[in-house]
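Topology and contacts: notes
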Amino acid sequence: MDADAPKPIEPACLRQLVERDRQLAELHGLLSLSEAGHSQTVVVRGPVGAGKTALIREFVRHCTAVGTSVLTANGSLAELSSPHALVHQLLDDLDGPDKGDHEPSAPLRTGEVLHRALVGRLRAGPLVVCVDDLHFADEASLENLLYVQRRLVASPILFLFGVADHLRARLTGFDAELTRRARIHSIDVGALTRDGVEELARQYTGDDRLAHHLDVLHEASGGNPLLLKGLLKDAAAAGVPAPGGSRGYREAVSACLYRGGTGMRDVAQALALLRDESDHDLVPQLVLASPDAVGRSMNALAAAGVICPEGSYRSAAARTAVLATMGPTSVSGLHGRIAELFYERGAPCDVIARHLMSAAAPTAPWAVEVLIDAALEALAAGAPEQAAEYMEHATRAEADDSTRARSLGLLARIKWHTNPRAATSYLTPLREAVLAGHLGHQDAGRLTGYLLWHGRVKEAVGVMEWMASLRDGVTPASQDTVNAARHWFQFLHPGRRAVPADAAVRTSPPEPDATGDIRLHAATGLVSVLTGGVGVDCSSAEFVLQSTEVGSHADESVFAALLALIYADRLDRAEYWCGSLLEHARRHNLATLSAIVLAVSADIALRRGRLKAAGHRASEALTLISDRGWGMVIAYPLSTLIAATSGLGRYAEAAEHLRRPLPVGTFETVFGLNYLHARGLYALRTDRHFAALEDFQRCGRLMREWSMDRAVIAPWRLGAGMVHAALDRTEEARALFDGQSRRRRGEPGAVRGASLRLLARVSEPDARRNLLRESVALLRKSGHALDLALSLAELSNDNYARGDTKQAQQDAQEAMETAEECGAPEDVRRILCEGHRFDLAGLLGDEHVPVGKELSNAEGRVAALAASGMTNRQIGARLHLSTSTVEQHLTRVYRKLQVTRRSDLARLLWPERSESA
């Protein structure tokens with residue numbers, strides 16, 4: 001056997017053959033016949049690894065033990081093309097003066113030498129000539145064997161040949177000539193039965209440790225002793241049989257394939273790469289063999305226990321073991337050939353692409369097109385990472401500049417959907433490809449959005465100027481793409497001019513239809529809302545969102561459409577689409593779209609006063625994409641998170657978010673306005689009034705300069721007015737609140753409702769009621785819950801001051817319940833406590849009742865309720881105490897506080913309220 005061939009697995013403990021007694025007895029009988037002077041020819045046949053060699057070796061040991069001379073030789077795949085190689089082995093095993101007298105270049109002369117040598121050996125007694133793996137014998141040696149066999153028919157000699165069943169076709173001529181002159185005895189060696197597996201396992205372990213795993217061993221090995229020994233070797237290390245996943249089994253499979261020859265090995269490797277049984281008809285084309293030859297190899301693999309009779313692998317470990325026998329070059333080449341065959345038969349592109357991925361870089365144009373189609377399908381199926389792998393392979397193709405640029409553009413688009421940061425490395429080569437004319441308007445427009453997102457404004461302007469400068473090939477569709485890019489730029493960077501003076505830009509949204517550029521619908525819809533304000537038709541935004549849900553994955557367009565709904569005060573519709581799109585994005589594993597939708601959803605929650613929900617959604621959005629991945633847009637979710645946490649009183653957390661670095665140029669974008677407003681609110685709440693005023697005034701100054709002074713973007717007048725009010729600058733505050741309340745055109749009712757509430761705080765008492773009632777009415781209609789709760793609290797205080805305590809209680813109760821639903825009751829409690837009221841016990845919670853340190857908790861609660869005017873029976877019902885227990889608590893309270901009446905108790909607990917009453 002070849003020195004480089006895998007070594008057989010034959011542990012020293014395996015000495016006795018299993019289920020081979022009949023075959024050995026037959027060999028012993030034939031040996032006796034040959035010793036009587038009747039030449040015998042025996043062929044031991046069976047599948048690869050079934051134990052033919054072990055049987056022959058055992059018989060040779062027996063012959064040696066009884067004194068019969070034995071000559072041995074082994075056919076070798078490595079020596080198949082070497083004339084007389086096998087005969088040389090026999091001659092080398094002979095003793096005598098004729099050992100070296102043969103001439104390899106003359107076949108008949110060599111046969112004569114072998115014949116004379118054998119005759120010389122036969123003078124000493126019977127002889128056994130044993131040739132294993134005869135199917136790998138060279139042609140010259142086969143002729144020599146026939147030569148000597150014909151001349152030794154009446155001699156005490158036994159010719160013993162080991163042959164693999166599936167390779168016996170190579171010996172057709174040899175067999176025909178052999179059987180013409182002598183009877184051949186055939187001894188079959190097959191797979192072990194389950195009992196045989198049990199016996200071999202017992203020999204290996206010396207006990208019954210594997211008795212409970214016999215079915216696993218039998219199934220995994222197919223009864224092939226070679227594979228079974230590999231499994232037993234692995235089991236000895238693991239304690240239980242691992243069904244083919246360890247080294248011993250892999251080595252056994254490798255040895256099996258080597259012994260089976262190149263044809264069997266090639267078929268096994270082709271089957272390993274063709275996972276679907278329906279594709280097995282491609283194997284002949286892959287291994288360049290006839291269907292009959294492939295069929296014999298598959299039968300041999302099945303007989304050897306490597307595959308099942310129908311052609312599938314017996315286990316995943318068997319497939320893995322076969323693949324381990326292949327070098328990288330052969331794997332790549334075979335995958336490439338499979339891909340080509342699949343393409344020719346019109347297989348699905350994802351099936352072809354899987355093989356292209358394991359092949360070398362594609363060179364044929366069809367391969368790149370298949371990878372592009374497969375990537376788009378994977379993206380639509382919610383597998384963006386798989387899509388990116390396809391396109392990364394496509395970009396390595398030896399293709400023309402246009403094809404390479406198109407592949408790079410799709411790769412950047414796919415990367416963008418999962419991580420905008422990962423797409424940045426492709427932006428420069430994409431820009432170069434656009435300016436070189438290798439990409440069209442669609443890709444150029446998409447590239448502009450990427451560049452603007454990451455703050456590469458000059459490059460984005462350069463691309464837009466290139467698109468605007470083209471005169472040849474300009475179509476309505478290409479012009480729409482240019483306009484879409486310009487409008488998105490106009491929104492993000494309202495302080496910069498990007499449109500050439502002579503260019504005509506659409507100022508109203510196009511009619512929604514399936515033929516227009518989806519980005520144009522989104523961008524012009526957003527600009528029209530900012531221009532026209534609340535009440536503008538939002539059909540373009542709705543159309544964009546409906547189209548995107550189908551699977552267009554246009555993140556920029558979704559963002560613009562959702563913002564259009566928010567700025568048009570269509571929060572219900574925006575919230576509906578956020579829910580729908582978030583489900584769609586998560587189903588398709590689109591992290592960027594999920595993050596954008598969450599950021600918008602957080603903004604909606606903030607506007608409606610649901611601060612906890614706003615903070616949670618904004619935080620999740622910022623987690624899905626890194627800060628650098630958010631680019632210039634990070635100011636949008638970050639400002640929501642800062643406003644929500646500071647509104648909840650979590651000032652340390654808000655300060656941490658304010659320390660997060662912003663990209664250079666953030667305050668030149670529209671989202672910088674949101675950030676300034678949120679930072680101003682934080683400064684106001686932490687009593688840094690002048691810092692707050694600076695942020696609010698800067699916000700207002702930029703909005704006026706950019707001609708987008710809309711409170712729906714950032715209500716800076718209300719923030720600045722609250723600062724002035726906190727600094728007792730009543731006139732300045734009143735002017736700002738009143739000015740905002742009068743800006744009705746294009747502004748949402750919620751902003752006017754909030755401005756009326758704040759105006760009421762700095763107005764004369766006689767004007768407050770009407771202002772607050774109108775504020776409550778507007779806020780009920782708009783659905784802005786926290787602002788409604790604050791206005792209700794102000795109205796409750798006003799009603800209490802006017803003596804309408806019943807209505808005051810109802811308003812206060814509704815205000816607290818609404819604020820609790822928003823998760824932010826502190827501001828409402830603060831307002832109610834400012835009302836110098838005696839009816840708040842039990843409404844604000846015990847922590848807001850000013851009990852003395854000398855009272856216990858139970859005494860403090862009873863004291864507060866008694867001071868509010870409740871009877872002992874009412875106090876008992878509220879606190880689930882008996883009337884006598886309430887009386888006992890009050891007795892101790894009076895004694896500790898040195899008072900005798902409830903009115904004295906009220907003046908003691910809330911002196912400021914008593915003085916103002």
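Residue positions are counted from 1 within each chain, in the order its sequence is given. Two thresholds apply to this predicted model, a pLDDT of at least 70 for residue-level local features and 80 or more for giving and counting side-chain atom pairs, whereas whole-chain, interface and lining totals are computed over all residues. With hydrogens and water stripped out, all remaining heavy atoms of the structure feed into the side-chain values.

This part is about the overall build of the protein. Along the protein, the regular secondary structure elements total 46 helices and five strands. Buried residues are those whose accessible area, probed at 1.4 Å on protein chains only, stays under 20% of the maximum for their type, while exposed residues exceed 50% and partly exposed ones sit between those limits. The proportion of buried residues among the 917 residues of the protein is 55%. Excluding contacts between residues fewer than 6 apart, the proportion of contacts in the protein whose partners are at least 24 apart in sequence is 66%. Secondary structure elements follow DSSP: runs of H or I of four or more residues count as helices, runs of E of two or more count as strands, with numbering from the N terminus. What makes two residues a contact is simply this: any of their non-hydrogen atoms within 4.5 Å.

This part takes up unusual backbone geometry. Positioned with a positive phi, His84 is a non-glycine residue whose angle comes to about 65 degrees. Mapped onto the fold, His84 is located in the loop between β2 (69-74) and α3 (85-92). Even without glycine at this site, Gln898 takes up a positive phi of about 60 degrees.

Below, the discussion takes up the pattern of salt bridges. By definition, a salt bridge exists where a carboxyl oxygen of Asp or Glu is found within 4 Å of a side-chain nitrogen of Lys or Arg. A complete count under the given rule lists 48 salt bridges for this structure. We note a salt bridge from Asp350 to Arg354, for which the minimum N-O separation is 3.6 Å. Remark: Arg354 and Asp350 occur in helix α16 (residues 349-358); sequence separation between them is four residues, near one turn of the helix. Between Arg829 and Glu826 there is a salt bridge whose closest N-O contact spans 2.9 Å. You can see Arg829 and its partner Glu826 sitting in helix α41 (residues 826-833), three residues apart, about one turn around the helix. Because the salt bridges share partners, they merge into one network encompassing Asp572, Glu575, Arg608 and Arg610.

Before going further, it helps to spend a moment on the confidence of the model for the protein. Here the protein shows a mean pLDDT of 85. Residues at 70 or above account for 88%. Think of pLDDT as the predictor's per-residue confidence, scored from 0 to 100. Across residues 1-14 the pLDDT falls below 50, and counting only partners more than four positions away or on other chains, this stretch makes 27 contacts in the model.

This next bit is on the packing of aromatic side chains. Side-chain rings of Phe, Tyr and Trp, where Trp is taken by its six-membered ring, are said to pair if the distance between their centres is within 6.5 Å; with planes under 30 degrees apart they count as stacked, over 60 as edge-to-face, and otherwise as tilted. Applying the stated criterion across every chain yields a total of 15 aromatic pairs. The interplanar angle of 15 degrees and the centroid separation of 4.3 Å between the aromatic rings of Tyr343 and Trp366 together place this pair among those described as stacked. With Tyr343 in helix α15 (residues 328-344) and Trp366 in helix α17 (residues 365-380), this pair connects stretches of sequence that are 23 residues apart. Here the aromatic rings of Trp453 and Trp630 are separated by 6.0 Å at their centres, their planes lie at 15 degrees, and the arrangement is stacked. Of the two residues, Trp453 is situated in helix α21 (residues 441-453) and Trp630 in helix α30 (residues 627-630); the sequence distance between them amounts to 177 residues. The pair Trp453 / Trp630 is uniform in exposure class, with both members buried. The ring of Tyr147 carries Arg151 above its face, with NZ or CZ at 3.7 Å from the centroid. Only lysine NZ and arginine CZ atoms are considered, and such an atom sits over a ring when it is within 6 Å of the ring centre and within 35 degrees of the ring normal. Between the NZ or CZ atom of Arg698 and the centre of the ring of Phe667, over which it lies, the distance is 4.7 Å.

A pair of strands is treated as paired once DSSP finds two or more bridges between them. In spatial order, the strands read β2-β3-β4-β1-β5; together these five strands make up an open sheet with parallel pairing. Only two strands of the sheet have a single neighbouring strand rather than two, namely β2 and β5 (184-188). Direction aside, neighbouring strands of the sheet carry axes that sit 20 degrees apart on average. Alignment of strand β1 (residues 40-46) against β5, held across five bridges, turns out to be parallel. Bridge pairing links Arg45 to Asp188 in β5. Whenever a helix is involved, its axis is fitted only over the stretch in contact; in every case the axis is a line through C-alpha atoms, and angles between N-to-C directions fall within 0 to 180 degrees. Its contacts with the sheet put α3 on β2 and β3 (127-132), and the angle it makes with β2 is roughly 150 degrees.

On to the nonpolar core, then. In plain words, nonpolar cores are sets of buried Ala, Val, Leu, Ile, Met, Phe, Trp, Tyr and Cys residues tied together by side-chain atoms within 4.5 Å. By size, the foremost hydrophobic cluster in this structure holds 187 residues, and its most contacted members are Phe491, Phe559, Tyr567, Trp630, Phe671 and Ile713. Filtering out sequence-adjacent residues up to four positions away, Phe491 remains in contact with Leu526, Leu530, Leu563, Tyr567, Val670 and Phe671. Counting 32 residues, the second largest nonpolar core, distinct from the first, contains Leu71, Leu86, Leu122 and Ala137.

Now for the side chain of Ser646. On the secondary structure map, Ser646 appears in helix α31 (residues 635-647). For Ser646, the residues in contact, after removing those within four places along its chain, are Tyr651, Ala654, Tyr682 and Arg685.

For a helix, the expected span equals 1.5 Å multiplied by the residue count minus one. In this model helix α7 (residues 194-205) runs 17 Å from its N-terminal to its C-terminal C-alpha over 12 residues, within 8% of the 16 Å that 1.5 Å per residue would give. Those residues of α7 not exposed but buried are Gly196, Val197, Leu200, Ala201, Gln203, Tyr204 and Thr205.

All right, on to the packing of helix α19 (residues 401-418) against α21 then. Packing of α19 against α21 brings their axes to within 11 Å, and their N-to-C directions diverge by 45 degrees. Classified by the angle their axes make, α19 and α21 are oblique. At the point where α19 passes α21, the crossing takes the left-handed sense. On the side of α19, the interface is formed by Ala412, Arg413 and Trp416, while α21 contributes Arg446, Tyr450 and Trp453. Gly is put with the polar residues, along with every residue not named as nonpolar or charged; the nonpolar set is Ala, Val, Leu, Ile, Met, Phe, Trp, Tyr, Cys and Pro, and the charged set is Asp, Glu, Lys and Arg. For the contact of α19 with α21, the class distribution of residues is four nonpolar, no polar and two charged. Orientation is classified from the angle alone, with under 35 degrees giving roughly parallel, over 145 giving roughly antiparallel, 65 to 115 giving roughly perpendicular, and any other angle giving oblique. Two helices cross in a left-handed way if the nearer one is turned anticlockwise from the farther one by less than a right angle. They cross in a right-handed way if the turn is clockwise.

Before going further, it helps to examine the environment of Leu832. Relative to the elements of secondary structure, Leu832 occurs in helix α41. With a relative accessible area of 0%, Leu832 lands in the buried category. When the C-alpha positions of Leu832 and Glu794 are compared, they lie 7.3 Å apart, and in sequence the two are 38 residues distant.

Let us look at the environment of Asp443. Assignment of secondary structure puts Asp443 in helix α21. Its relative accessible area of 24% is what places Asp443 among the partly exposed residues. With 37 residues separating them in the primary sequence, Asp443 and Arg406 have C-alpha atoms 8.4 Å apart.

Attention shifts here to the pairing of β3. Regular strands show a simple pattern: their side chains alternate between the two faces of the sheet. A large share of β3 lies buried, amounting to six of its six residues. The two faces of β3 match: Leu127, Val129 and Val131 on one face and Val128, Cys130 and Asp132 on the other face are all buried. Sheet analysis places β2 next to β3, joined by six bridges and oriented parallel. Following the sheet pairing, Ala73 is matched in β3 by Val131. For β3 and strand β4 (residues 157-164), the ladder comprises five bridges, and the chain directions are parallel. Each bridged residue has a counterpart across the sheet, and for Leu127 the counterpart in β4 is Ile157.

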